[in-house]
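# Observations on the three-dimensional arrangement
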There are 2 protein chains.
Amino acid sequence: MIRILLAEDQAMMRGALAVLLGLEDDLEVVAQVGAGTDIVPAALETHPDVALLDIELPGISGLQAARELAERLPGCKVMILTTFSRPGYVREAMAAGAAGFLVKDGPVEELADAIRRVLRGETVLDPDLAAATLRAAPNPLTARERDVLAASEDGSSIADIAGRLFLSPSTVRNYLSAAIGKTGSRNKTEAALAARRNGWLG
Amino acid sequence: MIRILLAEDQAMMRGALAVLLGLEDDLEVVAQVGAGTDIVPAALETHPDVALLDIELPGISGLQAARELAERLPGCKVMILTTFSRPGYVREAMAAGAAGFLVKDGPVEELADAIRRVLRGETVLDPDLAAATLRAAPNPLTARERDVLAASEDGSSIADIAGRLFLSPSTVRNYLSAAIGKTGSRNKTEAALAARRNGWLG
DNA sequence: CGAGCCCACTGACATTTGTCACCGCCTGGT
DNA sequence: ACCAGGCGGTGACAAATGTCAGTGGGCTCG
């Protein structure tokens with residue numbers, strides 16, 4: 001019996017996947033969580049064979065949880081299941097030691113089999129997705145540029161961002177200018193959108 | 001046997017829901033589509049009793065499809081199933097004659113029963129959600145303000161927007177200024193985010 | 001130990017954006 | 001016939017934004 005931990009914030013999706021996986025004779029969902037912060041505690045308690053994690057979760061992200069799981073529960077395989085096939089996500093997932101990367105666009109029929117393959121030691125990663133990730137430029141942004149871009153995502157003014165990050169407005173403007181250049185954008189809004197699209201903001 | 005049409009863009013969600021609903025003795029998924037443009041043709045062909053529609057779909061939106069279904073297949077009940085409980089969405093769904101409005105945050109166990117209740121003639125709408133919708137201000141934006149805000153969502157400059165909408169930059173600035181005031185925002189980026197959050201941009 | 005890089009910051013400057021007051025043109029309602 | 005209100009537009013002005021050049025400090029790597 002393969003023991004599964006399921007982390008997904010949308011209750012209906014989570015419930016539907018749990019029922020679906022439960023229909024398989026050799027699969028068993030031993031934990032369902034809706035927040036990133038619940039993943040590691042639930043895993044330590046239930047000792048699943050595989051953790052199926054969404055990335056964008058309340059609290060910590062699935063990628064962060066994957067890193068913690070790799071450290072604290074090395075026997076547990078990690079699979080990422082996400083809406084977005086962003087190069088940055090794939091890159092980070094693999095760096096975090098994930099054994100599988102699935103997108104929610106894919107057919108549900110393959111999910112159970114992907115889990116079995118991961119348990120056999122295989123790595124599940126769509127070849128086209130792998131190729132696209134390798135082809136895409138890796139994250140060119142510095143940590144500070146990421147901070148500033150992330151803080152500008154809600155449409156804040158430069159003065160607001162500076163206040164929030166304890167930087168001078170001039171400094172923030174400079175980081176944004178650098179980020180705008182690196183993303184090939186024309187203003188901070190475009191730059192933030194582009195960085196988010198590429199998975200460069202975590 | 002209740003015949004269901006399922007419209008949802010995420011293949012895995014769509015597949016999982018189809019399997020789940022198919023497990024019920026009295027339910028039958030007779031059509032699954034992933035694009036808004038496929039909804040009406042599929043409904044005309046399969047004559048479902050109820051159409052379960054996501055809102056944000058490729059092609060036309062689920063709300064637009066709901067309006068067309070109400071006109072061309074009046075016997076078919078429409079239920080909206082969406083990620084977002086935006087007041088504007090609820091309002092438009094009800095105006096389009098939808099018999100149910102469900103959010104994907106809700107428990108999957110209630111889905112089948114909600115469908116049965118709609119088929120019995122009931123309206124399925126969470127009371128808290130209805131109250132929140134009535135409490136929220138209705139869309140204060142004029143058609144032009146919506147156009148301009150929608151065009152600014154990708155971070156375009158005012159000059160770009162003016163070019164795309166065949167307006168003068170001054171006019172675009174005026175509409176944006178009005179929208180910024182009505183949304184209580186500080187710049188066009190915040191205004192576009194706020195309008196989108198409220199479901200005012202369709 | 002220097003070269004090169006990231007970081008934090010400053011000041012100057014041009015451009016963009018947001019606000020305000022005001023114009024005329026239609027259209028729908030009374 | 002009149003008025004209100006949406007629409008498209010202009011000009012002027014202040015504020016925010018983006019760019020550039022330059023100053024240090026800390027860090028790593030050859």
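How each quantity is defined
Residues numbered from 1 in each chain as written. Chains lettered and ligands numbered in written order. Predicted model: local features only at pLDDT ≥ 70, side-chain atom pairs only at ≥ 80, totals over all residues. Heavy atoms only, no water. Phe/Tyr/Trp six-rings, centres within 6.5 Å; stacked < 30°, edge-to-face > 60°. Lys NZ or Arg CZ within 6 Å of the ring centre and 35° of its normal. Helix = DSSP H or I, 4+ residues; strand = E, 2+ residues; numbered from the N terminus. Buried < 20%, exposed > 50% of the residue type's maximum accessible area, 1.4 Å probe, protein only. Contact = heavy atoms within 4.5 Å. Pairing = 2+ DSSP bridges. Axes fitted to C-alpha atoms, helices over the stretch in contact; angles between N-to-C directions. Near = heavy atom within 4 Å. Nonpolar A, V, L, I, M, F, W, Y, C, P; charged D, E, K, R; others polar. Core = buried A, V, L, I, M, F, W, Y, C linked by side-chain atoms within 4.5 Å. Patch = residues over 30% accessible without salt bridge, like charges linked within 9 Å, V, L, I, M, F, W, Y side chains within 5 Å. Areas by Shrake-Rupley, 256 points an atom, 1.4 Å probe, with all protein chains shown as cover. Salt bridge = Lys/Arg side-chain N within 4 Å of Asp/Glu carboxyl O. Lys, Arg positive; Asp, Glu negative; His and termini not counted. Charge placed at Lys NZ, Arg CZ, Asp CG, Glu CD. Domains from an automatic or database assignment. UniProt positions renumbered as here; feature names shortened; annotations may be inferred. Polar contact = N/O pair within 3.5 Å; in protein donor to acceptor, adjacent residues only side chain to side chain.

Another aspect to go through is the packing of aromatic side chains. According to the stated counting rule, one finds 0 aromatic pairs over all chains in the structure shown. It is Arg-86 of chain A that lies over the ring of Phe-84 of chain A; its NZ or CZ is 4.1 Å from the centre.

The next point concerns the environment of Gly-100 of chain B. Residue and element names in this part refer to chain B. Its place among the elements puts Gly-100 in strand β5 (residues 100–103). A relative accessible area of 0% means that Gly-100 is categorised as buried. Distance from Gly-100 to Thr-123, taken between C-alpha atoms, is 5.5 Å for residues 23 residues apart in sequence. In this structure Gly-100 touches Val-78, Met-79, Ile-80, Met-94, Val-118 and Val-124, once residues within four positions along its chain are discounted.

To continue, consider the sheet that holds strand β4 (residues 77–82) of chain B. Residues and elements named next belong to chain B. The parallel open sheet is built from 6 strands, whose spatial order is β2-β1-β3-β4-β5-β6. Across the chains shown, the open sheet's two edge strands, defined by having one partner strand only, are β2 (27–33) and β6 (124–125). Where β4 meets β5, 4 bridges bridge the pair, whose relative direction is parallel. Each bridged residue has a counterpart across the sheet, and for Ile-80 the counterpart in β5 is Phe-101. Of the strands in this sheet, β3 (50–53) and β4 are in contact with helix α3 (residues 62–72), which crosses β3 at around 165°.

Moving on, we get to the protein's contact with DNA strand C. Within the structure, DNA strand C sits among 18 residues, and Thr-142, Arg-144, Ser-170, Asn-174 and Tyr-175 of chain A are positioned closest to it. The sugar and phosphate moieties of DNA strand C supply 53% of its atoms located within 4 Å of the protein. Elements with a contribution of two residues or more to the surface near DNA strand C: α7 (143–152) and α9 (169–183) of chain A together with α9 (169–183) of chain B. Sort the elements by how many residues they give to the surface near DNA strand C and α9 of chain A lands first, with 5 residues. Of the residues in the surface near DNA strand C, the class split is 5 nonpolar, 9 polar and 4 charged.

Another aspect to go through is the nonpolar core. For soluble globular proteins, the rule of thumb is that nonpolar side chains tend to be buried together. Counting residues in each nonpolar core, the largest one holds 48 residues, and the members touching the most others are Leu-17 and Ile-115 of chain A together with Leu-17 and Ile-115 of chain B. When neighbours within four sequence positions are excluded, Leu-17 of chain B is seen to be in contact with Met-12 and Ala-16 of chain A together with Leu-6, Leu-81, Val-108 and Leu-111 of chain B.

With that settled, the discussion passes to a negative patch on the surface. Together, Glu-109, Glu-110, Asp-126 and Asp-128 of chain A line one region of the surface with negative charge. Position of Asp-126 of chain A relative to the elements: it lies in the loop between β6 (124–125) and α6 (127–135).

Before going further, it helps to examine the domain arrangement of chain A. With domains assigned, chain A is organised as domain 1 (2–133) and domain 2 (143–198). For domain 1 of chain A and domain 2 of chain A, the distance between their C-alpha centres works out to 31 Å.

This brings us to the UniProt feature "domain: HTH luxR-type" (unreviewed entry) in chain A. UniProt records the feature "domain: HTH luxR-type" (unreviewed entry) for residues 134–199 of chain A in the present numbering. Summarising residues 134–199 of chain A: 68% helix, 0% strand, and an end-to-end C-alpha distance of 14 Å.

This part is about the sheet that holds strand β5 (residues 100–103) of chain A. On the basis of which strands lie adjacent, the open sheet formed by 6 strands has the order β2-β1-β3-β4-β5-β6 (chain A) and parallel pairing. One side of each edge strand has no neighbouring strand; the edge strands of this open sheet are β2 (27–33) and β6 of chain A.

Moving on to the side chain of Thr-183 of chain B. All names here are of chain B. Within the secondary structure layout, Thr-183 lies in helix α9. Look at Thr-183 and you get buried, because its relative accessible area is 17%. There is a polar contact of 3.2 Å between the side chain of Thr-183 and the backbone oxygen of Ile-180. Separated by 2.8 Å, the side chains of Thr-183 and Ser-185 make a polar contact. Those residues within four positions of Thr-183 in sequence are excluded, and the remaining contacts are Ala-191, Ala-194 and Trp-200.

If you walk through the whole model with that rule in mind, you get 25 salt bridges over all chains. Among the salt bridges present, the one from Glu-145 of chain A reaches Lys-182 of chain A, with a minimum N-O distance of 2.9 Å. Separated by 37 residues along the polypeptide, Glu-145 of chain A in helix α7 and Lys-182 of chain A in helix α9 bring together distant segments of the chain. Measuring nitrogen to oxygen at the nearest pair gives 3.2 Å for the salt bridge that ties Arg-67 of chain B to Glu-92 of chain B.

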